2 protein chains.
Amino acid sequence: MARCGTTSAMNKCLVGVDIGGTKTAIVIASQPPVSLARVEFPTLPDLGPERAVELIKKGIHQLLGSAGIDESGLGGIGVSCGGPLDRITGVIQAPPNLSTWVDVPIISILQHEFAVQCRLENDANAGAVAEHRFGAGQGTRHMVFLTMGTGIGAGIIADGRLYHGASDLAGEIGHVRLSPSGPVGHNKSGSVEGWASGGGMAQVAYQEVATAIDSGEATILSRNFHDSGIVTAKDVADAAQQGDELAKRIIHRTGTRLGEALAIVVDLLNPERIVIGGLAMRLGESLLAPARLAMQREALAPSAKDCQIVPAGLGEGIGDVAAICVAMGF
Amino acid sequence: MARCGTTSAMNKCLVGVDIGGTKTAIVIASQPPVSLARVEFPTLPDLGPERAVELIKKGIHQLLGSAGIDESGLGGIGVSCGGPLDRITGVIQAPPNLSTWVDVPIISILQHEFAVQCRLENDANAGAVAEHRFGAGQGTRHMVFLTMGTGIGAGIIADGRLYHGASDLAGEIGHVRLSPSGPVGHNKSGSVEGWASGGGMAQVAYQEVATAIDSGEATILSRNFHDSGIVTAKDVADAAQQGDELAKRIIHRTGTRLGEALAIVVDLLNPERIVIGGLAMRLGESLLAPARLAMQREALAPSAKDCQIVPAGLGEGIGDVAAICVAMGF
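Residues numbered from 1 in each chain as written. Chains lettered and ligands numbered in written order. Predicted model: local features only at pLDDT ≥ 70, side-chain atom pairs only at ≥ 80, totals over all residues. Heavy atoms only, no water.

**A word on the sheet that holds strand 8 (residues 143-148) of chain A**
All names here are of chain A.
Inference 1: Across the sheet, 5 strands lie side by side as 10-9-8-13-14; this open sheet has mixed pairing. The open sheet has two free edges, formed respectively by strand 10 (161-163) and strand 14 (308-311), since each of these has just one partner strand. The sheet shows a mean angle of 25° between the axes of neighbouring strands, direction not considered. (Pairing = 2+ DSSP bridges. Helix = DSSP H or I, 4+ residues; strand = E, 2+ residues; numbered from the N terminus. Axes fitted to C-alpha atoms, helices over the stretch in contact; angles between N-to-C directions.)

**A few points about the interface of chain A and chain B**
In many analyses, interface size is given as the accessible surface area lost on bringing the parts together.
Inference 1: The partner chain B presents 36 residues to the 36 residues of chain A that form the contact.
Inference 2: Of the roughly 3,000 Å² buried at the junction of chain A and chain B (both faces included), carbon and sulfur atoms supply 59%.
Inference 3: Across the chain A-chain B interface, the total number found is 6 salt bridges.
Inference 4: Where Lys188 of chain A meets Glu298 of chain B, a salt bridge forms, and the shortest distance between an N and an O atom there is 3.3 Å.
Inference 5: At the junction of chain A and chain B, the tally comes to 26 residue pairs in polar contact (both at pLDDT 80 or more).
Inference 6: With 5 residues, the single largest contributor to the side of chain A that touches chain B is helix 8 (residues 245-269) of chain A.
Inference 7: Split into classes, the residues belonging to the side of chain A that touches chain B amount to 17 nonpolar, 9 polar and 10 charged. (Contact = heavy atoms within 4.5 Å. Buried area = accessible area lost by both parts, 1.4 Å probe. Salt bridge = Lys/Arg side-chain N within 4 Å of Asp/Glu carboxyl O. Polar contact = N/O pair within 3.5 Å; in protein donor to acceptor, adjacent residues only side chain to side chain. Nonpolar A, V, L, I, M, F, W, Y, C, P; charged D, E, K, R; others polar.)

**Comments concerning the relation of the copies chain A and chain B**
Inference 1: Each copy superposes on the other: chain A lies on chain B with an RMSD of 0.1 Å after a rotation of 180° and an axial shift of 0.0 Å. Put plainly, the chains are arranged around a two-fold axis.
Inference 2: Both copies present the same face, since 100% of the interface residues in chain A are matched by interface residues at the equivalent positions in chain B. (Least-squares fit on C-alpha atoms with pLDDT ≥ 70 in both.)

**Considering the environment of Ile152 of chain A**
Residues and elements named next belong to chain A.
Inference 1: Tracing the backbone through its elements, the reader meets Ile152 in strand 9 (residues 152-158).
Inference 2: In this structure Ile152 comes out as buried when scored by relative accessible area, which is 4%.
Inference 3: Taking the C-alpha atoms as reference points, Ile152 and Gly277, separated by 125 residues in sequence, lie 9.8 Å from one another.
Inference 4: Excluding residues within four positions of it along the chain, Ile152 makes contact with Leu146, Thr147, Gly174, Val192, Glu193, Ala196, Ser197 and Leu258. (Buried < 20%, exposed > 50% of the residue type's maximum accessible area, 1.4 Å probe, protein only.)

**Quick notes on unusual backbone geometry**
Inference 1: The step from Gly83 of chain A to Pro84 of chain A runs through a cis peptide bond, and the omega angle for that step is 5°.
Inference 2: Topologically, Pro84 of chain A is positioned in the loop between strand 4 (74-81) and strand 5 (85-86).
Inference 3: Following Pro32 of chain B, the chain continues into Pro33 of chain B via a peptide bond in cis, with omega recorded as 10°.
Inference 4: Mapped onto the elements, Pro33 of chain B comes out in the loop between strand 2 (23-29) and strand 3 (37-42).
Inference 5: With a phi close to 50°, Ala115 of chain A is a non-glycine residue in the positive phi region.
Inference 6: Relative to the assigned elements, Ala115 of chain A resides in the loop between helix 2 (106-114) and strand 7 (118-122).
Inference 7: The backbone of Asn187 of chain B shows a phi angle near 60°, a positive value even though the residue is not glycine.
Inference 8: Within the secondary structure, Asn187 of chain B is located in the loop between strand 11 (184-185) and strand 12 (188-189).
Inference 9: Of the residues examined, Asn187 of chain B reaches a relative accessible area of 80% and is grouped as exposed.

**A few points about the pairing of strand 13 (residues 273-276) of chain A**
Each regular strand carries side chains that alternate between the two faces of the sheet.
Residue and element names in this part refer to chain A.
Inference 1: Along strand 13, one buried face is formed by Arg273 and Val275 and the opposite face, lined by Ile274 and Ile276, is buried too.
Inference 2: Sheet topology note: the strand 8/strand 13 ladder contains 4 bridges and is parallel. Bridging from a neighbouring strand, Val144 pairs with Ile274 of strand 13.
Inference 3: Two strands pair when backbone bridges link them, and strand 13 and strand 14 are joined in this way by 4 bridges, in the parallel orientation. Pairing of Ile274 across the sheet is with Ile309, part of strand 14.

**Quick word on the state of the cysteines**
Inference 1: Applying the stated rule across the entire model yields 0 disulfides over all chains.
Inference 2: A disulfide-free cysteine, Cys118 of chain A has its sulfur positioned 14 Å from the sulfur of Cys81 of chain A, the nearest such atom. (Disulfide = S-S within 2.5 Å.)

**Observations concerning empty space enclosed by the protein**
Inference 1: Overall, the coordinates contain 2 cavities of 30 Å³ or more when judged by the stated rule.
Inference 2: Taken together, Ala158, Asp159, Arg161 and Tyr163 of chain A together with Ala158, Asp159, Arg161, Leu162 and Tyr163 of chain B form the lining of the largest cavity.
Inference 3: Of all the elements in the fold, those that place two or more residues in the lining of the largest cavity are strand 10 of chain A together with strand 10 (161-163) of chain B.
Inference 4: Partitioning the lining of the largest cavity into residue classes produces 5 nonpolar, no polar and 4 charged.
Inference 5: For the second largest cavity, the calculated volume is near 40 Å³. (1 Å grid on protein atoms, 1.4 Å probe; cavity = no way out; pocket = protein on both sides within 12 Å on 5 of 7 lines; lining within 4 Å. Points joined across faces, edges and corners; volume = space filled by probe spheres on them.)

**Comments concerning the sheet that holds strand 9 (residues 152-158) of chain B**
Working definition: the strands of a sheet are paired by backbone hydrogen bonds and lie parallel or antiparallel to each other.
All names here are of chain B.
Inference 1: Pairing is mixed in the open sheet, where 5 strands are placed in the order 10-9-8-13-14. Because the sheet does not close on itself, it has two edges, and the strands there are strand 10 and strand 14 (308-311). In this sheet, adjacent strand axes meet at a mean angle of 25° when their direction is disregarded.

Now the structure itself:
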């Protein structure tokens, strides 16, 4: 069994905590990105933050125990979480997916419990660093990472370093307008998040399926529409995999809108690579091929030529590695 | 008379060359941003680059002579010019405003003539550094400079340093789409350059004046329309200053579109200040007030709150200081 050293800071263990709206994962690593052990539990935000914070503390103690080390072998703890948050004071403010977590001072809580350096970072930025160090962004100097889940956000690596902006709010591509009206994301109709996130795709899908039902077009998605009254991005992905034509059209349209958003990033930042996580990993080329075409049509030709659009390299493990990267510091 | 030192590199003189479509200026400085002397001549791009390059060499010799120093007192030469250009190889490729200047190796020409370090940079980036060091961007870590002339481009200061991007093309805000169609800029209909540059304002003005003439609305601009068949951004500025209502509406509309472009910059880069040169210095609050309003309406509220929109601080001297900054290196 791999062990964390107790004498040298060089091989002390690092703990990463990835707090999501559905689940919270805790991992321990001595040689990132490989983790020695991992625990996870359902976050259940409706039950408030206290229970989850206790489970995080318990989970870290449990991992330290399983790795056979005491606290002197722990080099640091990193917490990755959706924003808004205050990275400097270490407070989770009130992320939409953790609505009961209002001003949770997670860093001072963990620092008090474990007496080591603890850091907090938003998940898009942490994911950008993880992909840059260990994933599909390796070897680049100028890279943008896009998270594509219920929402959409970006982490920017400029000249090899994470770029935070003046108030830690750089990378809010989801809030940029693509059209005067349209699906809603980030409280803005016609925004990139409205058109090109998982949540946006679900809105487009709902409209398209309603129209298809009215016009008598056959689609697997009519079942989801009737059964649950909603059509999720996952439903669309599953239906497309079964060959459903409407589902394929919805993914193509989302990909095209995603490409229009990427063109804005390419024109402004001229990155050598854009790495896309979340939905892009599940949908692959059915999403990325139309996104590339739209980006090449919309962006300045020489910048478009120099920019690769690729899915995230760390796959489902990106959250774990991202949290460990926060612990490593950047 | 201020003199350039000849023994220490610290107080050697620097020469800046600002090549524009209308005029080329050459300045010499020992303590930037103050210049000791300056010459300028009409660029006349239709006559080809050879004449202008000879005049640049002659002008530099003349300035060195007037400053009373030989070449050992010259610390470096900086050239600021519109892109596209290759900063690394020092070649001016074919800027739209210097259409006969195809692949002019300006840096090797000057290095051969003067045997000192010579550098080339595009004018938006050089202007960004000039405003950051000596103008309205002083004291910021995250700043964006917008040049607003016939075209519109941006120079990005990220974490205190100029950000170039993967192929030196970062900051092409003028190419970003604001609407599916509209005035043309950067070969793209509905782009930021189409709506919010001086050239874009001229296109909007032409349409508006034609409509006003048809509908019998009185406007000073009908004179420009009839006399020359065009309405320039300068015509609009002059008419507005004389109280012309149509001219004021055109400026307000351009300002609103400019603000929509600024919102994209604010959402993506979260700068603490955006400094705007060119037309913004001439038009002042008549342009910037509607731009601020549109930016605040369109951008993420906390990022908008933290971002100031100000006119360039170096005024008409920005080109001289920008070229000197290129000579200083960054």
